[in-house]
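Chains, contacts and geometry: an overview
Next come the chains, spelled out residue by residue.
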Amino acid sequence: MKRIGVLTSGGDSPGMNAAIRAVVRKAIYHDIEVYGIYYGYAGLIAGDIKKMELGSVGDIIHRGGTMLYTARCEEFKTLEGQKKGIEQLNKFGIEGLVVIGGDGSYRGAQKLTEHGFPTIGVPGTIDNDIPGTDFTIGFDTALNTVIDAIDKIRDTATSHERTYIIEVMGRHAGDLALWSGLADGAETILIPEAEYDFEQITYRLKRGQERGKKHSIIIVAEGAGSGMEFGQKLKEATNMETRVTVLGHIQRGGSPTGADRVLASRLGAKAVDLLLEGKSGVTVGIQQNKLVHHDINEALAETHTVDLDMYTLSQELSI
Ligand code: ADP
């Protein structure tokens with residue numbers, strides 16, 4: 001293999017730049033040329049492709065977002081779109097591709113593999129919802145952003161003795177809500193993977209108030225329902241003063257944490273190694289702190305599971 005490509009696709013996450021840098025540097029280290037494909041699969045179809053040098057990825061390891069930009073592209077879900085993408089790869093003489101993104105991006109990579117084009121998936125999403133890896137690139141940064149926001153809300157919550165509801169990202173996975181809730185001692189955490197008992201929640205909140213708790217913090221993963229609606233419901237049922245904060249896109253940005261930079265560097269470099277070994281249709285990941293790879297079909301057939309023991313623990317510690 002003499003020339004590979006790299007793209008980022010779907011939702012961005014902090015650390016994608018560190019992963020791009022690792023792909024580019026590791027490839028050049030092995031005397032392989034690297035081409036950057038801009039705007040994900042949309043740029044692949046359009047031929048928005050440029051050669052990258054060592055210096056192309058200088059000074060990006062600490063930056064959030066993705067220097068290759070990202071996009072969502074409906075056309076790539078069609079056979080015609082995929083064929084156009086492969087034509088562009090052939091036109092540029094690219095022989096293997098690294099796709100950094102979430103499970104949607106993995107499906108695109110799976111299609112390229114099915115058409116015989118060597119493709120490796122690297123997990124980049126703040127949701128931590130990709131099977132085949134314990135952690136995705138961006139999760140740790142988003143977790144720390146959420147913790148920072150909750151710490152600030154906690155200060156004002158103590159002053160005002162209110163109940164604060166904080167909605168965090170996670171349409172299908174409760175990891176961000178669960179980890180941030182545990183890290184911040186939230187009274188209640190609502191995640192899509194577990195049903196909640198509203199009576200039990202109000203009982204616990206009142207019991208906490210009675211024993212002198214100054215405030216309560218409730219974290220709602222967006223996949224578990226709307227924070228606004230939950231706040232309204234709680235107010236009507238208990239007469240408590242409630243305030244709702246929807247953290248939104250600040251969770252996607254920011255300089256990646258050390259953990260995310262290291263993870264991204266390891267996974268990006270591993271993807272290049274796998275291409276050089278002749279692998280195709282695999283995803284890289286980290287499990288029990290070891291680099292691993294899995295068949296992309298198997299990874300996509302699995303469902304990510306949240307750690308329900310941690311969920312129980314969070315409830316035990318916030319009585
Ligand atoms: P993420 O990768 O963050 O999960 P999306 O689900 O939006 O983000 O997927 C990103 C892109 O991956 C889509 O816009 C599309 O171009 C491509 N993609 C998603 N699903 C498929 C599919 N079934 N076949 C081919 N390409 C797909």
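Right, let's walk through the structure included here. Here the residue index of a chain counts from 1 through its sequence in written order. Where totals are concerned, whole chains, interfaces and linings use all residues; where local detail is concerned, this predicted model gives features only for residues with pLDDT of at least 70, and gives and counts side-chain atom pairs only at 80 or more. To get the side-chain values, all heavy atoms of the structure are used, and hydrogens and water are removed first.

**A look at helix 8 (residues 227-238)**
Quick reminder of the rule: Helix and strand assignments come from DSSP, with helices taken as H or I runs of at least 4 residues and strands as E runs of at least 2, each series counted from the N terminus. Multiplying one less than the number of residues by 1.5 Å gives the expected span of a helix. Only protein chains enter the calculation, and the probe is 1.4 Å; a residue is then buried if its accessible area is under 20% of its type maximum, exposed if over 50%, and partly exposed in between. By definition, the arc is the one covered by directions from the helix axis to the C-beta atoms.
Look at helix 8: 16 Å from first C-alpha to last across twelve residues, which is about the 16 Å you get at 1.5 Å a residue. Of all the positions in helix 8, only G227, F230, G231, L234 and T238 are classed as buried. Viewed end-on, helix 8 has its buried residues packed into an arc of 100 degrees, placing them on one side of the element. Exposed positions of helix 8 whose direction lies more than 90 degrees from the buried face are M228, E229 and E236.

**Some remarks on unusual backbone geometry**
One non-glycine residue, N128, lies in positive phi territory at about 55 degrees. Relative to the elements of secondary structure, N128 occurs in the loop between strand 5 (119-123) and helix 5 (139-160). For Q288, which is not glycine, the phi dihedral falls at a positive 50 degrees. Within the secondary structure layout, Q288 lies in the loop between strand 10 (282-287) and strand 11 (290-295). For Q288, a relative accessible area of 73% corresponds to the exposed category.

**Brief notes about helix 7 (residues 198-210)**
In plain terms, the rule: A contact between two residues is defined here by any heavy atoms of the two lying within 4.5 Å.
If you check helix 7, its first and last C-alpha atoms are 18 Å apart, about what 13 residues at 1.5 Å a residue would give, namely 18 Å. If you check which residues of helix 7 are buried, you get F198, I201, T202, R204, L205 and G208. Down the axis of helix 7, the buried side of the element spans an arc of 160 degrees, and every buried residue falls inside it. Projecting away from the buried face of helix 7 at angles above 90 degrees are the exposed residues E199 and E210. Of the surrounding secondary structure, the elements contacted by the buried residues of helix 7 are strand 7 (188-190), strand 8 (216-221), helix 8 and helix 11 (308-317).

**Things to note about the site of the ligand**
The cut-off we apply is this: Nearness of a residue to a molecule or strand requires only that one of the residue's heavy atoms be within 4 Å of it. Here a polar contact is taken to be a pair of N or O atoms separated by no more than 3.5 Å, where protein atoms must pair a possible hydrogen donor with a possible acceptor and residues adjacent in sequence count only if both atoms sit in side chains. Computed with a 1.4 Å probe, the accessible areas rest on the Shrake-Rupley method; for each residue, only the protein chains presented here act as cover.
Taken together, 16 residues lie around the ligand, and R72, C73, G102, G104 and S105 are the ones closest in. In this structure, G11 approaches the ligand through a main-chain N or O atom, which is 3.0 Å from an oxygen atom. Between an oxygen atom of the ligand and a side-chain N or O atom of D103, the distance comes to 3.2 Å. Its free accessible area being 560 Å², the ligand has 82% of it covered by the protein chains. Ranked by residue count, the leading element in the shell around the ligand is helix 4 (residues 103-114), at six residues.

**Things to note about the side chain of E187**
Turning to its location among the elements, E187 is positioned in the loop between helix 6 (175-183) and strand 7. Within the structure, E187 has its side chain in polar contact with the backbone nitrogen of I217 (distance 2.8 Å). Excluding anything up to four places from it in sequence, E187 contacts R204, L205, K213, H215, S216, I217 and S318.

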